[in-house]
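Residues per chain are reported as follows:
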Amino acid sequence: MALPATLLSAFPIGLCLLLAWAIRRRGKVGLIAGYDGDLSPEREAELARDAARVLAVAAAATSLLVVDAWTGAVPRPGLLVTLLIAGAVGWFLWKRNVRAERPAK
């Protein structure tokens, strides 16, 4: 069962890493859903870094499923992956929405 799990997980992991690379290195912030181009270049670069970080966390978390398929050493891998990805997305949304609304001191 480990080989099918590895092959099934390879596609989303590769896709997350490819999107992270395209957003971060190539400046393709247009790939970020909901981005309408209204940020300054500094904030746009920060947005690209943050989105790439979330995608890298998603790829790493999904890799835990492969590790568990081969070793069986990860306790409750589905829950752990879900919490890691939800935490990364929650941080991204908090940083983009809540923290951005605070007045600068």
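Look above for the structure.
Keep in mind the model is a prediction, meaning the values are calculated, not measured. (Residues numbered from 1 in each chain as written. Predicted model: local features only at pLDDT ≥ 70, side-chain atom pairs only at ≥ 80, totals over all residues. Heavy atoms only, no water.)

Participant: Would you take a moment to explain the overall build of the protein for this structure?
Facilitator: Looking only at helices and strands, the protein features 3 helices and 0 strands. In sequence order, the secondary structure elements of the protein are arranged as α-α-α. For the protein, whose C-alpha radius of gyration is 16 Å, the value lies well above the compact-globule estimate of 13 Å for 105 residues. In terms of overall dimensions, the protein has a C-alpha envelope of 50 × 25 × 20 Å along the principal axes. (Helix = DSSP H or I, 4+ residues; strand = E, 2+ residues; numbered from the N terminus. Rg over C-alpha atoms; globule rule 2.2 N^0.38 Å.)

Participant: Sorry, what's going on with the packing of helix H1 (residues 2-25) against helix H2 (residues 41-71) here?
Facilitator: The packing of two helices is summarised by the inter-axis angle and the distance between the axes. Relative orientation of the contacting elements H1 and H2 amounts to 170°, with a least axis distance of 8 Å. Considering the angle they form, H1 stands roughly antiparallel to H2. Here the contact of H1 with H2 is built from residues that sort into 19 nonpolar, 4 polar and 2 charged. (Axes fitted to C-alpha atoms, helices over the stretch in contact; angles between N-to-C directions. Parallel < 35°, antiparallel > 145°, perpendicular 65-115°, else oblique. Nonpolar A, V, L, I, M, F, W, Y, C, P; charged D, E, K, R; others polar.)

Participant: Honestly, the nonpolar core in this entry has me stumped. Any pointers?
Facilitator: One finds Ile23 and Ile32 to be the most contacted residues of the largest nonpolar core, which totals 18 residues. The contacts of Ile32, once residues within four sequence positions are left out, are Ile23, Leu47 and Ala51. (Core = buried A, V, L, I, M, F, W, Y, C linked by side-chain atoms within 4.5 Å. Buried < 20%, exposed > 50% of the residue type's maximum accessible area, 1.4 Å probe, protein only. Contact = heavy atoms within 4.5 Å.)

Participant: So what exactly am I meant to see when it comes to H1 here?
Facilitator: Note: α-helices contain 3.6 residues per turn, so residues at a spacing of three or four share the same orientation. End to end, H1 covers 33 Å across 24 residues, agreeing with the expected 34 Å (1.5 Å per residue, within 8%). Bending of H1 peaks at approximately 30° at the position of Ala10, with proline Pro12 no more than four residues after it. Taken as a whole, H1 has its buried residues at Ala2, Ser9, Ile13, Cys16, Ala20, Ala22 and Ile23. The inward-facing, buried residues of H1 abut H2. Gly27, located one to two residues past H1, shows a positive phi value of around 70°. (Expected span 1.5 Å × (residues − 1). Bend = angle between axes of the 7 residues up to and from the residue.)

Participant: What should I look at first to understand the pattern of salt bridges in this one?
Facilitator: Between side chains of opposite charge, a pair can form as their charged atoms come close. Evaluated as defined, the whole model comprises 6 salt bridges. The salt bridge partner of Glu46 is Lys95, with a shortest N-O separation of 3.2 Å. Of this pair, Glu46 sits in helix H2 while Lys95 is found in helix H3 (residues 77-101), placing the two residues 49 residues apart along the sequence. Judged by relative accessible area, which is 18%, Glu46 ranks as buried. Residue Glu46 is joined to Arg96 by a salt bridge in which the shortest nitrogen-to-oxygen separation is 3.9 Å. Taken as a pair, Glu46 in helix H2 and Arg96 in helix H3 lie far apart in primary sequence, 50 residues in all. (Salt bridge = Lys/Arg side-chain N within 4 Å of Asp/Glu carboxyl O.)

Participant: What's the story with H2 in this structure? I'm lost.
Facilitator: Between the first and last C-alpha of H2 there are 45 Å, a value that for 31 residues agrees with the 45 Å anticipated at 1.5 Å per step. Once H2 finishes, Gly72 follows within two positions and takes phi at roughly 70°, a positive value.

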